[in-house]
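Chain by chain, the residues:
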Amino acid sequence: MASGSKIDALGQFELHPILGSFGEALRLSQSPLFMVISAAVVLTFLYVGMKPKAVVPGRLQAAAEVSYDFIHGLAVDTIGEAGTRFFPFVFALFFFILTGNYIGLLPFSFTFTSHIVVTLAMAMAVFILCIITSLRVQGLNFFKHFMPEGAPIALSPLLVPIEILSYISRPISLSIRLFANMVAGHVLLEVFASFTIMLAGLGVVGDVLAITPVVLNIALTALELLVGLLQAYVFAILTCIYLREAVAH
Amino acid sequence: MRLTPRFLLSAAAPLAALPGRAVAEGMPQLHFNDPYVQGQVLWGAIIFFIFYLLLSRSALPRVANVLKARDQRIKSDLDLARRAKQDADKAQKELHEARDKAFDDAHAIIQEIRDTAKKNIQHEVSETLARLNTEIRDAETRIAQSRTKALNHVSGIATNTATTLIERLIGKADHHSVASAIERAHTAGGEHVS
């Protein structure tokens, strides 16, 4: 929110306790609230959509089925046969992030994917799942992947640390990609919205000029809709790619 | 508020300051000591876990069941249609075969009737011809007999007539010599007479 001539583009990311002292004690902020809302929206969409169980689906059922087929195809095509086992996890990730991104675009709402701790926690969940799956499927062969096959042994002191570093940086890049995209989009929206308020205070000329940031914000909202979908998709498909490596022998 | 370069700079500052100053004090996301920032990790984990459980145990199997039921139904319907088509093809083939067979049978019957008729006619014709031939031969035999008989009578009558004539003329006649003379004449002019 703009206060005076200063633009507070980052205040929107601040966490406030909800539910009074009860929420304070449990460290409940609006972030978990919107997580619950997002999860509830997805579950409601699926439950209400699939309620008719019609052979010829209506619009909502068709949408629910398309979302199922989309992620199922993504998981099975990328991971392979084992993809069916990880499909619910990929589905949960994709729709949790997607709904979080989209609900965050509504006025007075909050985008929990704009918090690095949240995205990092999800990325770490993927990372740990990948390591556990790798160790279970490949056993100790898993560690062979840190030394590329066919590379000269003399290069191993250089290659092994690089491979380990690149492996460890996966959850970091995964989380920062989503976090940074969300933050950047919301900061831009806030900045342009503040421009409108500032210009509106300049009189008649300002009123006319104030339209420009509004138009820009409309375009930015469209862009954010694309980015929100794209980032959820990128997160899901990278999870699938990492899991494919984990289940490969 | 004025649109001065300084104002624009300050407006753009939050963007430019993101990596630097914001890390220290600007970005609430990086206040890791904030109990709410910490709290949302735990809450997020709990909420995501419940969300995952509900999806994997209840919501997604529901969708899967509907999709599976539809696939099965489509498959069984297709099977049914395929079987019906096979039956229809088979029936059509049988019909064609029956028709062809009936056609062939009819042809065979017609041919048989025609052959029999032809044979009968030939038989009758040859029978009639044979009968006619026999009759012709009989008739010829009879004619020949009659002629021979008539010719035999002729020489007797001629002998008698000649004897009678000679008796009237010369008073007496040797019947035997007249008969031999007649016989000679007959033999000489036989061809002329017959």
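Residues numbered from 1 in each chain as written. Chains lettered and ligands numbered in written order. Predicted model: local features only at pLDDT ≥ 70, side-chain atom pairs only at ≥ 80, totals over all residues. Heavy atoms only, no water.

## Observations concerning helix 2 (residues 30-50) of chain A
Given 3.6 residues to a turn, an α-helix orients residues that are three or four positions apart in the same direction. End to end, helix 2 of chain A covers 30 Å across 21 residues, agreeing with the expected 30 Å (1.5 Å per residue, within 8%). For helix 2 of chain A, the set of buried residues is Gln-30, Ser-31, Pro-32, Phe-34, Met-35, Ser-38, Ala-39, Val-42, Leu-43, Leu-46, Gly-49 and Met-50 of chain A. Residues of helix 2 of chain A that are buried in the fold lie against helix 3 (59-79), helix 4 (83-103) and helix 5 (116-138) of chain A together with helix 3 (35-170) of chain B. (Helix = DSSP H or I, 4+ residues; strand = E, 2+ residues; numbered from the N terminus. Expected span 1.5 Å × (residues − 1). Buried < 20%, exposed > 50% of the residue type's maximum accessible area, 1.4 Å probe, protein only. Contact = heavy atoms within 4.5 Å.)

## Considering the interface of chain A and chain B
Listed per partner, the contact involves 56 residues of chain A and 41 residues of chain B. Overall, the association of chain A and chain B removes approximately 4400 Å² of surface from exposure, summing both partners, and the carbon and sulfur fraction of that is 80%. Counting the surface chain A buries against chain B, the share from its top three residues, Leu-10, Arg-27 and Tyr-47 of chain A, is 15%. Applying the counting rule to chain A against chain B returns five residue pairs in polar contact (both at pLDDT 80 or more). Those elements giving two or more residues to the side of chain A that touches chain B turn out to be helix 1 (20-26), helix 2, helix 3, helix 4, helix 5 and helix 6 (156-200) of chain A. Examining the composition of the side of chain A that touches chain B, we find that ten residues originate from one element, helix 2 of chain A, more than from any other. (Buried area = accessible area lost by both parts, 1.4 Å probe. Polar contact = N/O pair within 3.5 Å; in protein donor to acceptor, adjacent residues only side chain to side chain.)

## Topic: the pattern of salt bridges
For side chains bearing opposite charge, pairing can occur when the charged atoms are close. Residue and element names in this part refer to chain B. Across all of its chains, the model carries six salt bridges over all chains by this definition. Note that Asp-89 is salt-bridged to Lys-85, the shortest N-O span being 3.1 Å. Taken together, the residues Asp-89 and Lys-85, both in helix 3 and four residues apart, mark about one turn of the helix. Residue Asp-89 is classed as partly exposed on the basis of its relative accessible area of 37%. (Salt bridge = Lys/Arg side-chain N within 4 Å of Asp/Glu carboxyl O.)

## As for the UniProt feature "transmembrane region" (unreviewed entry) in chain A
Residues and elements named next belong to chain A. The positions that UniProt labels "transmembrane region" (unreviewed entry) are, in the present scheme, residues 32-50, 86-110, 116-137, 178-202 and 214-243. Here residues 86-110 runs as 72% helix and 0% strand, with 29 Å between its end C-alpha atoms. Helix makes up 100% of residues 116-137 and strand 0%. Its end C-alpha atoms lie 31 Å apart. (UniProt positions renumbered as here; feature names shortened; annotations may be inferred.)

## Some points on the state of the cysteines
For the structure on display, the rule yields zero disulfides over all chains. Looking at the unpaired Cys-240 of chain A, the closest cysteine sulfur is the one in Cys-130 of chain A, lying at 9.8 Å. (Disulfide = S-S within 2.5 Å.)

## Re a negative patch on the surface
A cluster of acidic side chains, namely Glu-94, Glu-97, Asp-100 and Asp-104 of chain B, defines a negative patch on the protein surface. One can find Asp-104 of chain B in helix 3. (Patch = residues over 30% accessible without salt bridge, like charges linked within 9 Å, V, L, I, M, F, W, Y side chains within 5 Å. Areas by Shrake-Rupley, 256 points an atom, 1.4 Å probe, with all protein chains shown as cover. Lys, Arg positive; Asp, Glu negative; His and termini not counted. Charge placed at Lys NZ, Arg CZ, Asp CG, Glu CD.)

## Some remarks on the nonpolar core
Judged by nonpolar contacts, the single largest core of 63 residues is most densely connected at Phe-91 and Phe-235 of chain A together with Phe-51 and Leu-55 of chain B. If you list the elements that add at least two residues to this core, you get helix 2, helix 3, helix 4, helix 5, helix 6 and helix 8 (211-247) of chain A together with helix 3 of chain B. The greatest single-element share of this core, amounting to 13 residues, is contributed by helix 4 of chain A. Counting residues in hydrophobic clusters, the runner-up holds 16 residues, among them Ile-7, Leu-105, Phe-179 and Val-183 of chain A. (Core = buried A, V, L, I, M, F, W, Y, C linked by side-chain atoms within 4.5 Å.)

## Some words on the packing of helix 4 of chain A against helix 8 of chain A
Residues and elements named next belong to chain A. At their nearest, the axes of helix 4 and helix 8 sit 9 Å apart, and the two run at 160 degrees to each other. With respect to helix 8, the axis of helix 4 lies roughly antiparallel. When you trace helix 4 past helix 8, the crossing you get is right-handed. Contacts from Arg-85, Phe-86, Phe-89, Val-90, Leu-93, Phe-94, Ile-97, Leu-98, Asn-101 and Tyr-102 of helix 4 reach helix 8 at Leu-225, Gly-228, Leu-229, Gln-231, Ala-232, Tyr-233, Phe-235, Ala-236, Thr-239, Cys-240, Leu-243 and Val-247. (Axes fitted to C-alpha atoms, helices over the stretch in contact; angles between N-to-C directions. Parallel < 35°, antiparallel > 145°, perpendicular 65-115°, else oblique. Left-handed = near helix turned anticlockwise from the far one by under 90°.)

## Thoughts on the packing of aromatic side chains
Aromatic ring pairs: the centre-centre distance and the angle between the two ring planes describe each pair. This model, assessed by the stated rule, comprises 15 aromatic pairs over all chains. Measuring from ring centre to ring centre gives 5.8 Å for Phe-96 of chain A and Phe-51 of chain B, while their planes differ by 35 degrees; the resulting arrangement is tilted. Residue Phe-96 of chain A is found in helix 4, and its partner Phe-51 of chain B is found in helix 3; the two belong to separate chains. Comparing Phe-96 of chain A with Phe-51 of chain B, the two get one shared label, buried. Three or more aromatic residues joined by ring pairs make a cluster, and in this case those are Tyr-68, Phe-70, Phe-87, Phe-91, Phe-94, Phe-95 and Tyr-233 of chain A. (Phe/Tyr/Trp six-rings, centres within 6.5 Å; stacked < 30°, edge-to-face > 60°.)

## With respect to the environment of Thr-163 of chain B
All names here are of chain B. Within the secondary structure layout, Thr-163 lies in helix 3. Each C-alpha atom, one on Thr-163 and one on Ala-179, is 8.5 Å from the other, the two residues being 16 residues apart in sequence. Residues contacting Thr-163, with those up to four places away along its chain left out, are Ala-173, His-175 and Val-178.

## Observations regarding the environment of Ala-121 of chain A
Mapped onto the elements of the fold, Ala-121 of chain A is located in helix 5. Along the backbone, Ala-121 of chain A and Ser-175 of chain A are 54 residues apart, and their C-alpha atoms lie at a distance of 8.1 Å.

## Overview of a nonpolar patch on the surface
Residues and elements named next belong to chain A. On the surface, a nonpolar cluster with roughly 620 Å² of combined accessible area is contributed by Leu-120, Met-124, Ile-128, Ile-132, Ile-164, Ile-168, Ile-172 and Ile-176. Mapped by element, the contributors of at least two residues to the nonpolar patch are helix 5 and helix 6. Among the secondary structure elements, Ile-168 is positioned in helix 6.

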